[in-house]
Amino acid sequence: MITKRYWLLFWIAVAMAVHSAIVGRLLGSSFFMLLFFWGWVAAAAYRGQLESAKSMAIVMVILLTLTAAALAFQPVDLAKDLAYYTFALYPALVSWICVFFYVRHLLQRDQHGVPMPRRPAPQRRTV
């Protein structure tokens, strides 16, 4: 059964999947594939399998870093393409890094058995 704290990760991944579909369609590039990868994270969060989401985040950080580095070292005539993809690659890389750290936070919280923070009920004083 899914816990409440995984719903936030689920909705973040769904929103990013929708964003990736829109951006991928407008760019006509491989960013449309990010829809599948974000969907993977959303499904993992829904099922409560955070290790799977963490693995996907690690793989995507590595792939996007290598892609950004490969584009940065291309000849100067591709400078236009570098600027074009930079506005899509770097934000995608940052979002996957953030998801990695959020999933890691959730996993550490689960390992320590820390319950969700709740506001204490107001205490009534009797005289």
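Structure first, text after, so check above.
Please read all numbers here as calculations on a predicted model, not as lab measurements. (Residues numbered from 1 in each chain as written. Predicted model: local features only at pLDDT ≥ 70, side-chain atom pairs only at ≥ 80, totals over all residues. Heavy atoms only, no water.)

Caption draft 1: Structural view of the overall build of the protein chain. For the protein chain, the helix and strand inventory stands at 4 helices and 0 strands. When the helices and strands of the protein chain are placed in sequence order, the string is α-α-α-α. The buried share among the 127 residues of the protein chain stands at 30%. Long-range pairs, those at least 24 residues apart, make up 68% of the contacts in the protein chain with a sequence separation of at least 6. In the structure as shown, the protein chain presents an accessible area of about 9,000 Å², 68% of it carried by carbon and sulfur atoms. (Helix = DSSP H or I, 4+ residues; strand = E, 2+ residues; numbered from the N terminus. Buried < 20%, exposed > 50% of the residue type's maximum accessible area, 1.4 Å probe, protein only. Contact = heavy atoms within 4.5 Å. Areas by Shrake-Rupley, 256 points an atom, 1.4 Å probe, with all protein chains shown as cover.)

Caption draft 2: Spatial organisation of the side chain of S95. Relative to the helices and strands, S95 resides in helix α4 (residues 79-111). Beyond its immediate stretch of four places on either side in the chain, S95 contacts M16 and W38.

Caption draft 3: Layout of the packing of helix α2 (residues 34-47) against helix α3 (residues 50-72). Look at α2 against α3: their axes get within 8 Å of each other, and the N-to-C directions meet at 155°. One way to sum up the angle between α2 and α3 is to call them roughly antiparallel. For the pair α2 and α3, the sense of crossing is left-handed. For the pair formed by α2 and α3, the contact residues are L34, F37, W40, V41 and A44 on the first element and S52, A53, M56 and M60 on the second. Split by residue class, the contact of α2 with α3 holds 8 nonpolar, 1 polar and no charged. (Axes fitted to C-alpha atoms, helices over the stretch in contact; angles between N-to-C directions. Parallel < 35°, antiparallel > 145°, perpendicular 65-115°, else oblique. Left-handed = near helix turned anticlockwise from the far one by under 90°. Nonpolar A, V, L, I, M, F, W, Y, C, P; charged D, E, K, R; others polar.)

Caption draft 4: Quick look at the environment of Y90. With respect to the helices and strands, Y90 occurs in helix α4. When the C-alpha atoms of Y90 and A68 are compared, they prove to be 7.7 Å apart, with 22 residues separating the residues in sequence.

Caption draft 5: Structural view of the environment of Y102. Summarising the element assignment, Y102 is placed in helix α4. In this structure Y102 comes out as partly exposed when scored by relative accessible area, which is 22%. Expressed as a C-alpha distance, the spacing of Y102 and L9, which sit 93 residues apart in the sequence, is 8.1 Å.

Caption draft 6: Highlighting α2. Here α2 spans 20 Å end to end across 14 residues, near enough to the 20 Å set by a 1.5 Å rise per residue. Regarding α2, the residues found buried are L34, F37, W38, V41, A42, A44 and A45. On an axial view of α2, the arc spanned by its buried residues comes to 160°, and they lie on one face. Just past α2, the residue G48 takes up positive phi, approximately 80°. (Expected span 1.5 Å × (residues − 1). Arc of directions from axis to C-beta.)

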